Amino acid sequence: MRARELGIPLTGEPGPWNAITDVPGIEVGYVTLIEGDDVRTGVTALLPRGRDGVGMPCAAGLHSFNGNGEMTGTAWIEESGSLAVPVLITNTYAVGPVHRGVVEWVRANRRDMAPEWLLPVVTETWDGHLNDIHGSAVESRHAAAAIEAAASGPVEEGCVGGGTGMRCYGFKGGSGTASRVVEYGEDRYTVGAFVQANFGARRELVVAGVPVGRELPDGPGPEPDGERQVPPGAGSVIVVVATDAPLLPGQCEALARRATLGLARTGTTGSHFSGDIFLAFSTANEGALTSTFPEDDGSAPYESMRFVPWGRTDPFYGAVVESVEEAVLNVLTGAHAMTGRAGHHVPALPLDRVSALLAARGAVA
């Protein structure tokens, strides 16, 4: 079930699929790994311009709300203001094999793109409660498989891809998405968000302005076998924001910063033990930020970019906040309970109880 199906009142106009794939050209693919008692993990691939557009840069910007996490390739994004590769999301200890997998996929499929070097963008959240994170379940081939599985259209949510083993606000977390339509004069643009949600303490959870987390049962007690209990709110959250509106790299960075406000609407105060890293990009201005070796023909070409004036960016900021909030709620309403490593169990958000709490406050659509 998605948040809107539960009757949660949400503002703004979503796109046809209410997903990041409402932005034309964007594709999302998953590899979900559930094996035996200990493997609960996977890989997610987001392709800004689809497989055929790998290598064609987008204007891009970053924001690290809390840097207790990892996203590779960020130095080049900050240097060039551009993103030209797929974005892969997995678990903390699988960044290495996924990074290698992207290199192998590009070498096999796009040798023209980067025959000399490549800087993949691979990011993570920690799934060690449900998953044997020290194991070797995620291999480089899974990165390639996620890229090959990427498609447009509706996006599966909950316990899939890199989000398979994640927790959110003490309940089952994972992958989620949402979108908003922004009217700009006679044009209509889309802002979409994708989250891998593994953050938040149960007591913090807010749904449609109602602090439901305070009214929900406490989480599990101490870990078995003397394991150290992870502090509430630890984990991490990755947010990817996309739009087809023409924006400068600095404006994309401004969009990425607004993801913080979307998360805050769901209650989090931002744990020190959570890596909260956000990436935003624009698929407009195709070709304007291409970086290639100069041709030795005596030419000195120029490029130009069309962009929304800074003073008219507020509606796009609002769309980010609304879509990130809804994406997190779609994670929680879409994920199912899961048992994994060492018998650890993470319950799903009790939808009936949440509906009753919202109804009691008059907050059900």
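Our subject is the structure that appears above.
Note on numbering: residues in each chain are counted from 1, in written sequence order. Side-chain atom pairs in this predicted model are given and counted only at pLDDT of 80 or more, local residue features only at pLDDT of at least 70, and totals for whole chains, interfaces and linings cover all residues. With hydrogens and water excluded, all non-hydrogen atoms of the structure serve as input to the side-chain values.

Participant: What should I look at first to understand the overall build of the protein chain in this one?
Facilitator: Secondary structure elements are defined from DSSP: runs of H or I of at least 4 residues count as helices, runs of E of at least 2 residues count as strands, and each element is numbered from the N terminus. Counting secondary structure elements, the protein chain contains six helices and 14 strands. What the globule rule says is 2.2 Å times the number of residues to the power 0.38, and the radius of gyration is computed from C-alpha atoms. A compact globule built from 365 residues would reach a C-alpha radius of gyration of about 21 Å, and the protein chain, at 20 Å, matches this within 12%. Oriented by its inertia axes, the alpha-carbon framework of the protein chain measures out at about 70 × 50 × 35 Å. Classification of residues uses two cut-offs on accessible area relative to the type maximum, computed with a 1.4 Å probe and protein chains only: under 20% is buried, over 50% is exposed, and between them is partly exposed. Relative to its 365 residues, the protein chain shows a buried fraction of 56%. The contact criterion used is simple: two residues touch if any of their non-hydrogen atoms lie within 4.5 Å. Once local pairs closer than 6 in sequence are excluded, the contacts in the protein chain between residues at least 24 apart make up 80%. Every accessible area reported is derived by Shrake-Rupley at a probe size of 1.4 Å, with residue values counting cover from the shown protein chains alone. About 15200 Å² of surface is accessible on the protein chain, with carbon and sulfur atoms providing 50% of the total. Here the protein chain holds 26 positive side-chain charges and 43 negative ones, and the gap between their average locations is 5 Å. Charge counting treats Lys and Arg as positive and Asp and Glu as negative, with His and both chain ends excluded. For the purpose of locating charges, the reference atoms are NZ of Lys, CZ of Arg, CG of Asp and CD of Glu.

Participant: In this structure, what is going on with the environment of aspartate 38? I would like to understand it.
Facilitator: Within the secondary structure, aspartate 38 sits in the loop between β1 (27-35) and β2 (39-47). Separated by 97 residues in sequence, aspartate 38 and glycine 135 have C-alpha atoms that sit 8.9 Å apart. Excluding residues within four positions of it along the chain, aspartate 38 makes contact with Leu130, Asn131, Asp132, Arg341 and Ala342.

Participant: Quick question: what am I supposed to make of the packing of aromatic side chains here?
Facilitator: Between rings of Phe, Tyr and Trp, where Trp is taken as its six-membered ring, a pair exists when centres lie within 6.5 Å; planes separated by under 30 degrees are stacked, by over 60 edge-to-face, and by other angles tilted. According to the stated counting rule, one finds four aromatic pairs in the structure shown. A connected cluster of aromatic rings, assembled from ring pairs, spans Tyr184, Tyr189 and Phe316. Two conditions define a charge located above a ring, namely a distance within 6 Å from the ring centre to NZ of Lys or CZ of Arg, and an angle within 35 degrees of the ring normal. Over the aromatic face of phenylalanine 171 sits the side chain of arginine 202, whose NZ or CZ is 3.9 Å from the ring centroid. Lying over the aromatic face of tyrosine 317, arginine 258 brings its terminal NZ or CZ to 3.8 Å of the ring centre.

Participant: Please clarify how the state of the cysteines should be interpreted in this entry.
Facilitator: In protein chemistry, a disulfide is the covalent bond that joins the sulfur atoms of two cysteines. Cysteine sulfur atoms are paired as a disulfide whenever they come within 2.5 Å of each other. In this structure the tally under the stated criterion is zero disulfides. Free cysteine cysteine 168: the closest other cysteine sulfur is in cysteine 159, separated by 11 Å.

Participant: What is the right way to look at the pattern of salt bridges in this model?
Facilitator: If the charged atoms of two oppositely charged side chains come close together, the side chains can form a pair. Put simply, a salt bridge is a Lys or Arg side-chain nitrogen that is within 4 Å of an Asp or Glu carboxyl oxygen. Per the counting criterion, the structure on display carries 12 salt bridges. For glutamate 157, the salt bridge is made with arginine 2, and the minimal N-O distance between the two is 2.8 Å. Here glutamate 157 is found in the loop between α3 (140-149) and β7 (167-168), whereas its partner arginine 2 is found in the segment before β1, with 155 residues between them in sequence. When its relative accessible area of 14% is taken as the criterion, glutamate 157 is described as buried. When the shortest N-O distance is used, the salt bridge between arginine 49 and glutamate 286 registers 3.9 Å. Highlighted residues: arginine 49 in the loop between β2 and β3 (58-67) and glutamate 286 in the loop between β12 (275-282) and α5 (314-334), separated in sequence by 237 residues. Taking relative accessible area as the criterion, glutamate 286 reaches 59% and is therefore assigned exposed. It is possible to trace a salt-bridge network through shared partners that takes in Arg4, Arg180, Glu322 and Glu326.

Participant: What is the right way to read the sheet that holds strand β4 (residues 82-83) from this model?
Facilitator: Strand pairing in a sheet is mediated by backbone hydrogen bonds. Such pairs are either parallel or antiparallel. At least two DSSP bridges between two strands are required for those strands to pair. One open sheet accounts for six strands, arranged β4-β3-β12-β11-β10-β9; its pairing is mixed. If you trace the sheet from one side to the other, it starts and ends with β4 and β9 (174-184), each paired once. Judged from the nine bridges that link them, strand β10 (residues 187-200) and strand β11 (residues 233-243) form a sheet pairing that is antiparallel. Along β11, the bridge assignment pairs alanine 197 with valine 237. Fitting a line to C-alpha atoms yields each axis, with helices limited to the stretch in contact; the angle taken between N-to-C directions then spans 0 to 180 degrees. Lying on the sheet, helix α4 (residues 249-265) is in contact with β3, β10, β11 and β12; it crosses β3 at an angle near 40°. Relative to β9, α5 is tilted by about 155°, and along the sheet it contacts β9, β10 and β11.

Participant: Is there a simple way to think about the nonpolar core in this case?
Facilitator: Side chains of nonpolar character tend, in soluble globular proteins, to be buried together. Residues grouped as a nonpolar core are buried Ala, Val, Leu, Ile, Met, Phe, Trp, Tyr and Cys residues, joined through side-chain atoms within 4.5 Å. Among the nonpolar cores identified, the biggest contains 51 residues, and Leu205 and Val239 are the most heavily contacted of them. Secondary structure elements with two or more residues in this core: β9, β10, β11, α4, β12, α5 and α6 (351-360). For this core, the leading source of residues is α5, giving 10 residues. Beyond its immediate chain neighbours, meaning those up to four positions away, valine 239 contacts Phe194, Val195, Ala259, Leu263, Ile277, Phe278, Leu279 and Val324. Residues Val28, Met71, Val102 and Val138 belong to the second largest nonpolar core, which totals 47 residues.

Participant: What is the right way to read the sheet that holds strand β6 (residues 121-125) from this model?
Facilitator: Taken in spatial order, the four strands of this open sheet run β1-β2-β5-β6, and their pairing is mixed. Where the open sheet ends on each side, the last strands, each with one partner, are β1 and β6. The sheet shows a mean angle of 15° between the axes of neighbouring strands, taken without regard to direction. Bridge count between strand β5 (residues 87-91) and β6: five bridges; the pairing is parallel.

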